[in-house]
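Here are the chains, one letter per residue:
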Amino acid sequence: MVKTLTIPMVAIVGRPNVGKSTLFNRLIGERKAIEEKMPGVTRDRIHGRATWLGTEFFVIDTGGITFSETMELERLVQNQALLAMEEANVIVFLTDGREGLTALDEEIAMLLHRQGRPVILAANKTEGKMVGLEDFYRLGFGEPIPVSAAHGLNIGDFLDRVVSFFPAREKRPETAMETIRIAVVGRPNVGKSSFINALLGEDRNIVSTIPGTTRDAVDITLVQDEKAFTFVDTAGIRRKSRVREDVEYYSVLRALKAIDNADIALLLLEATEGVTEQDQKIAGYIQDSGRAVIIALNKWDLFKGAGRENAAVTQVDNVRENLKFFNYAPVVFTSIHEPRRLKRLFSLFGVVYGEYTRRISTPLLNHLLSDALSMNPLPTSGKRKARIYYWTQPAVKPPTFILFANDPKSIHFSYLRYLENRLREAFGFQGSPLRLTVRGRSKKGAKGS
Ligand code: GDP
Ligand code: GDP
């Protein structure tokens, strides 16, 4: 079995109208509901994270990949399928169990057979009445799994099958030294390859390159100031094909994988252009991943002379305005023509990593909590008085905090925001997201309080 370091990818392939996007939404559903509550988050509907029985994976809805509008249907479906197949670990071939088999289904089947990736055939819309599924055997992928994406029928069995095809996730090879893993991400042409090459190019301190199992995943580790830094997925950045990079889908997918394998995402933006929609999408994925983030306004050399400082202020304002949810991310200016700026980044990586792995002791947290509660008491809702008993930090990467309360539902999202702000005021956590959750606990069992 092939082992992999990266999160598994599932692509949903099929002709139009069979229910791909409905299935996609069903798979990522829970997450989307959470995201919609967060203001200022823009994202597309093509990729999303999903979880089944503790296994996390990415889902790609190939129907959402757009090509030229004049392309005829067959070509369109083919292209979508081909793109998906190159990256996916498992392909879900979705058909319509009401309409039955069509010529386009057979064409897609032929493409899929040529690729040799695991394919799971599913027949959608099979709630209540359906045509016989025997015809679908002709496609050569065995018995189709009947599902109903719209009604959520048989999705559990279907997901069991999907997950069973995932390669085992390998533990990262342990290096002797702790290493800080960095993904350099950004849209095409923002300067990722040049940046990586400038950072690594002349450096004689490169200690290892670890080829992953996929041809794209090459990690490079180098030592700087007695710390190890690993740049993930560097081959994917260095060796690229223009045609591919032009498909937005590709650059996003690559970023997604790299981010998943990193501690810190270094998001490169074009200093002269500010934040674009595509930047916001990539930012959305960083946010989803829970990784730490640094924002770099790249090609800073293009701003010259007297206007430079004003430009800097304007650019940072622009970043803050358009990437509101990254208000904790440091913003730096970078340029391959100004090596000093690049060198300085290493100490910032160290700082942000420190914050991302930082632990606050329970007593200290509870001091902060009681201060916060007295400054801004919990609102009373209904008869029962909401109470928070105590606070702990069970995890890092990112720092994760659990509040124990008598009635978790009564602790409003905005109160968690307030506590997050207090945490940041007290401890910083520069560049690192924080996770705050509330759990129920009866007063009897409560500690502290
Ligand atoms: P896509 O083009 O493959 O992405 O298909 P969509 O997800 O947009 O769905 C096409 C149509 O099929 C929509 O009208 C859906 O509401 C409908 N649909 C999706 N899943 C089901 C299902 O499980 N049962 C039924 N009856 N209709 C469905
Ligand atoms: P990628 O697609 O993100 O990997 O971008 P590339 O590294 O291929 O860079 C795209 C273009 O931007 C190339 O023409 C580079 O020479 C140019 N470029 C990259 N970094 C800088 C920089 O710091 N300053 C300037 N002025 N140009 C840069």
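Everything in this summary refers to the structure shown in the same document. (Residues numbered from 1 in each chain as written. Chains lettered and ligands numbered in written order. Predicted model: local features only at pLDDT ≥ 70, side-chain atom pairs only at ≥ 80, totals over all residues. Heavy atoms only, no water.)

Considering the packing of aromatic side chains
So, point 1. One pass over the structure, following the stated rule, counts 16 aromatic pairs.
So, point 2. The interplanar angle of 70 degrees and the centroid separation of 4.9 Å between the aromatic rings of phenylalanine 229 and phenylalanine 346 together place this pair among those described as edge-to-face. Remark: phenylalanine 346 occurs in helix H11 (residues 339-356) and phenylalanine 229 occurs in strand S10 (residues 227-231); sequence separation between them is 117 residues. Phenylalanine 346 shares its class with phenylalanine 229; the two are buried.
So, point 3. One aromatic cluster is present, formed by Phe229, Phe231, Phe346 and Phe349 through successive ring pairs.
So, point 4. Above the plane of the ring of phenylalanine 429 lies arginine 358, whose end atom (NZ or CZ) is 5.8 Å from the centre. (Phe/Tyr/Trp six-rings, centres within 6.5 Å; stacked < 30°, edge-to-face > 60°. Helix = DSSP H or I, 4+ residues; strand = E, 2+ residues; numbered from the N terminus. Buried < 20%, exposed > 50% of the residue type's maximum accessible area, 1.4 Å probe, protein only. Lys NZ or Arg CZ within 6 Å of the ring centre and 35° of its normal.)

Observations regarding the sheet that holds strand S2 (residues 47-52)
So, point 1. Reading across the sheet, the six strands line up as S2-S3-S1-S4-S5-S6 and stay open at both edges, with mixed pairing between neighbours. Of all the strands in the sheet, just S2 and strand S6 (145-146) have a single pairing partner and so form its edges.
So, point 2. Inspection of the sheet shows strand S5 (residues 119-124) paired to S6 by two bridges, in the parallel sense. Looking across to S6, one finds that alanine 123 is bridged to proline 146. (Pairing = 2+ DSSP bridges.)

Focus on the sheet that holds strand S16 (residues 435-440)
So, point 1. The strand order across the open sheet built from three strands is S14-S15-S16, with neighbouring strands paired in mixed fashion. The outermost strands of the open sheet, each flanked by one partner alone, are strand S14 (388-395) and S16. For this sheet, the mean angle separating the axes of adjacent strands, direction not counted, is 25 degrees.
So, point 2. For S14 and strand S15 (residues 400-405), the ladder comprises five bridges, and the chain directions are antiparallel. In the strand pairing of S15, alanine 395 is matched with threonine 400.
So, point 3. Strands in contact with helix H13 (residues 413-427) are S14, S15 and S16; relative to S16, the strand with the most contacts, it is inclined by about 125 degrees. (Axes fitted to C-alpha atoms, helices over the stretch in contact; angles between N-to-C directions. Contact = heavy atoms within 4.5 Å.)

Description of the environment of isoleucine 264
So, point 1. Among the secondary structure elements, isoleucine 264 is positioned in strand S11 (residues 264-270).
So, point 2. What isoleucine 264 contacts, discounting residues up to four positions off in sequence, is Ile180, Arg181, Ile182, Ala183, Ala292, Ile294, Phe349, Val352 and Tyr353.

What to know about the site of ligand 1
So, point 1. Surrounding ligand 1, one finds 14 residues, the nearest of these being Asn17, Lys20, Thr22, Glu127 and Ser148.
So, point 2. Between ligand 1 and the protein, one listed contact pairs an oxygen atom with a backbone N or O atom of asparagine 17 at 2.7 Å.
So, point 3. Here valine 18 contributes a backbone N or O atom positioned 3.3 Å from an oxygen atom of ligand 1.
So, point 4. Contact with the protein chains covers 69% of the free accessible surface of ligand 1, which is 580 Å².
So, point 5. The biggest single contributor to the shell around ligand 1 is helix H1 (residues 20-37), with three residues. (Near = heavy atom within 4 Å. Polar contact = N/O pair within 3.5 Å; in protein donor to acceptor, adjacent residues only side chain to side chain. Areas by Shrake-Rupley, 256 points an atom, 1.4 Å probe, with all protein chains shown as cover.)

Observations regarding the site of ligand 2
So, point 1. In the region of ligand 2, 17 residues are neighbours, and Asn189, Lys192, Ser193, Ser194 and Asp301 sit closest.
So, point 2. Within the backbone of lysine 192, one N or O atom sits 2.8 Å away from an oxygen atom of ligand 2.
So, point 3. A distance of 2.7 Å is found between a nitrogen atom of ligand 2 and a side-chain nitrogen or oxygen belonging to aspartate 301.
So, point 4. Considered on its own, ligand 2 offers 590 Å² of accessible surface; in the complex 76% of this is hidden by protein.
So, point 5. In terms of residue count, the dominant contributor to the shell around ligand 2 is helix H5 (residues 192-200) (three residues).

What about unusual backbone geometry?
So, point 1. Going from lysine 397 to proline 398, the amide bond is cis rather than trans, its omega being 0 degrees.
So, point 2. Assignment of secondary structure puts proline 398 in the loop between S14 and S15.
So, point 3. The residue asparagine 189 is not glycine, and still its phi comes out positive at about 75 degrees.
So, point 4. Topologically, asparagine 189 is positioned in the loop between strand S7 (179-185) and H5.
So, point 5. One non-glycine residue, lysine 397, adopts positive backbone phi at about 55 degrees.
So, point 6. Structurally, lysine 397 can be placed in the loop between S14 and S15.
So, point 7. Residue class for lysine 397 comes out partly exposed when judged on its relative accessible area of 37%.

Describing the pattern of salt bridges
So, point 1. Per the stated rule, a full pass over the model turns up 18 salt bridges.
So, point 2. Between aspartate 105 and arginine 15 there is a salt bridge, with its nearest N and O atoms 3.1 Å apart. One end of the pair, aspartate 105, is in helix H3 (residues 103-115); the other, arginine 15, is in the loop between strand S1 (9-13) and H1, with 90 residues separating them in the sequence.
So, point 3. Since its relative accessible area comes to 0%, aspartate 105 is described here as buried.
So, point 4. Connected via shared salt-bridge partners are Arg49, Glu56, Asp260 and Arg291. (Salt bridge = Lys/Arg side-chain N within 4 Å of Asp/Glu carboxyl O.)

What to know about the nonpolar core
So, point 1. Ranked by size, the top nonpolar core spans 30 residues in total, and within it Ile295, Leu323 and Phe326 carry the most contacts.
So, point 2. Residues contacting leucine 323, with those up to four places away along its chain left out, are Leu267, Leu269, Val275, Gln280, Ala283 and Ile295. (Core = buried A, V, L, I, M, F, W, Y, C linked by side-chain atoms within 4.5 Å.)

Observations concerning the environment of glutamate 106
So, point 1. Here glutamate 106 is to be found in helix H3.
So, point 2. Glutamate 106 gets classed as partly exposed once you look at its relative accessible area, which sits at 32%.
So, point 3. Between the C-alpha atom of glutamate 106 and that of arginine 138, which follows or precedes it by 32 residues, the distance is 8.4 Å.
So, point 4. Residues within four places of glutamate 106 in sequence aside, it is in contact with Leu101, Arg138 and Leu139.
So, point 5. Polar side-chain contacts of glutamate 106 include one of 3.1 Å to the side chain of arginine 138.

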